[in-house]
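The lines below spell out each chain.
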Amino acid sequence: MQHGPEQFLKKWHLADPRLVADTGAARVWRAKRDDGSEVALKLYRRADRGNEAPGCRLLAAWRNRGAVAVLAEDRRAVMMEWLEGPTLGDHARVGNVADALTLLADTARNLHADPIVEVSGLRPLEQVFAPLLGVGFTDQCTRPLQTDMRRVIALAQDLLQTQPVHRPLHGDLHPDNVILTASGPRVIDAKGYVGDPAFELANALRHPKGMPDLVREVGQISACLDLYAAAMNVSRARLARWAAAKCALSIFWRSGGSVESDPEADLLRLFLSAADQ
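Residues numbered from 1 in each chain as written. Predicted model: local features only at pLDDT ≥ 70, side-chain atom pairs only at ≥ 80, totals over all residues. Heavy atoms only, no water.

Novice: Account for the overall build of the chain, with residues named and values stated.
Specialist: In terms of regular secondary structure, the chain is built from 10 helices and 12 strands. Rg of the C-alpha trace for the chain: 19 Å, near the compact-globule value of 19 Å for 277 residues, within the 12% margin. With the principal axes as the frame, the chain shows a C-alpha extent of 60 × 40 × 35 Å. Residues classed as buried in the chain amount to 53% of the 277 residues present. (Helix = DSSP H or I, 4+ residues; strand = E, 2+ residues; numbered from the N terminus. Rg over C-alpha atoms; globule rule 2.2 N^0.38 Å. Buried < 20%, exposed > 50% of the residue type's maximum accessible area, 1.4 Å probe, protein only.)

Novice: Describe empty space enclosed by the protein, with residues and values.
Specialist: One pass over the full model with this rule turns up 3 cavities of 30 Å³ or more. If you go around the largest cavity, the residues you meet are Lys42, Tyr44, Glu52, Gly55, Cys56, Leu59, Met80, Asp189 and Ala190. Looking at the lining of the largest cavity, the elements with two or more residues in it are β3 (38–44) and α2 (53–61). For the lining of the largest cavity, the element with the most residues is α2, which contributes 3 residues. Here the lining of the largest cavity is composed, by residue class, of 5 nonpolar, 1 polar and 3 charged. Counted as a void, the second largest cavity has a volume near 40 Å³. Every residue lining the second largest cavity is listed: Ala204, Leu205, His207, Pro208, Leu214, Val215, Gln220, Ile221 and Cys224. Looking at the lining of the second largest cavity, the elements that each hand over two or more residues are α7 (212–215) and α8 (218–232). Broken down by element, the residue count for the lining of the second largest cavity peaks at 3 residues, all from α8. (1 Å grid on protein atoms, 1.4 Å probe; cavity = no way out; pocket = protein on both sides within 12 Å on 5 of 7 lines; lining within 4 Å. Points joined across faces, edges and corners; volume = space filled by probe spheres on them. Nonpolar A, V, L, I, M, F, W, Y, C, P; charged D, E, K, R; others polar.)

Novice: Could you give an account of the side chain of Glu200, with specific residues and numbers?
Specialist: Mapped onto the fold, Glu200 is located in the loop between β11 (193–195) and α7. Although buried, Glu200 forms no salt bridge, and the nearest oppositely charged side chain, Arg167, lies 9.9 Å from it. Only 2.7 Å separates the side chain of Glu200 from the side chain of His112, close enough to count as a polar contact. Within the local environment of Glu200, its side chain forms a polar contact with the backbone nitrogen of His170, the two atoms lying 2.7 Å apart. Non-local contacts of Glu200, meaning those with residues more than four positions away in its chain, are made with Trp62, His112, Pro168, Leu169, His170, Gly171, Leu173 and Met232. (Lys, Arg positive; Asp, Glu negative; His and termini not counted. Salt bridge = Lys/Arg side-chain N within 4 Å of Asp/Glu carboxyl O. Polar contact = N/O pair within 3.5 Å; in protein donor to acceptor, adjacent residues only side chain to side chain. Contact = heavy atoms within 4.5 Å.)

Novice: How would you sum up helix α4 (residues 97–111)? Please name residues and give values.
Specialist: Taking 1.5 Å of rise per residue, 15 residues should cover 21 Å, and α4 covers 21 Å from first to last C-alpha, within 8% of that figure. Every buried residue of α4 is listed here: Val97, Ala100, Leu101, Leu103, Leu104, Ala105, Thr107, Ala108 and Leu111. (Expected span 1.5 Å × (residues − 1).)

Novice: Just give me the short version of the environment of Val234, but keep the residues and values in it.
Specialist: Within the fold, Val234 resides in the loop between α8 and α9 (236–255). Given the relative accessible area of 18%, Val234 is considered buried. As a C-alpha pair, Val234 and Thr107 span 127 residues in sequence and 16 Å in three-dimensional space. Aside from chain neighbours lying at most four places away, what touches Val234 is Pro197, Ala198 and Ala229.

Novice: Outline the pattern of salt bridges, listing residues and values.
Specialist: Scanning all chains against the criterion turns up 19 salt bridges. Linking Asp276 and Arg151 is a salt bridge whose minimum nitrogen-to-oxygen distance equals 2.4 Å. Here Arg151 lies in helix α6 (residues 143–161) and Asp276 lies in the segment after α10 (265–275), a separation of 125 residues in the sequence. Asp276 gets classed as exposed once you look at its relative accessible area, which sits at 51%. Across the salt bridge formed by Glu264 and Arg254, the nearest N and O atoms sit 3.1 Å from each other. Here Arg254 lies in helix α9 and Glu264 lies in the loop between β12 (258–259) and α10, a separation of 10 residues in the sequence. When salt bridges with common partners are traced through the structure, they connect Asp16, Arg18, Arg30, Glu38 and Glu84 into a single cluster.

Nothing here speaks to function; it is geometry throughout.
Written out as structure tokens, the structure is:
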């Protein structure tokens, strides 16, 4: 059943709601508070907010480091400050790729600066990647894709077993989850993971969204690995392995558990190649 925002508009004294986004996991309204300030009301389809529930606690801990202000939350909804401006993904898609990705790296560096924040209830990377270990394949799945996926499973197991430290992680830090406001970048939509800091910008290697040719350029992959590894102060090779692991996990999610083919099969191979260097 689809639920509307009425109970939360009343609960949090909001008016003039305008639907501004509708994703698979949630819908977002722009609304006004009694004092005239604007907020974003995010209403989740799942009662437990899916895998973003722990992320609000992390965003709150990072409030003074560039994260959106979380103003109130409920089991199914979150109220945040309204952020005016394009995402870094939008910034990249209109021709400012280098600037957008540099800002993303700087944002990650700020979030993870010492002292490292302490947040309870975050989801361990071991739990996030556990489903990948049981991946299956259809009879139509090509042998190269099966080989690559099985290789990544071994890589992921090694990465999980050799994590140098366990730190709070946004978990989905890429250009479309950072908004470029007049006062600087602001981070949104944290998953709230905990584990190896080399994972933090792994998913950013698959972005900006809508620029498939760019993210498959070997030179671009190499430049991003250098940029993101420096920002997080981690091994370039380890970051590349995490990028392959996250790409494989996304392939697994899209497959429903039994892989046949995937539009990122070629990207997975490129990440594996980068991991060998």
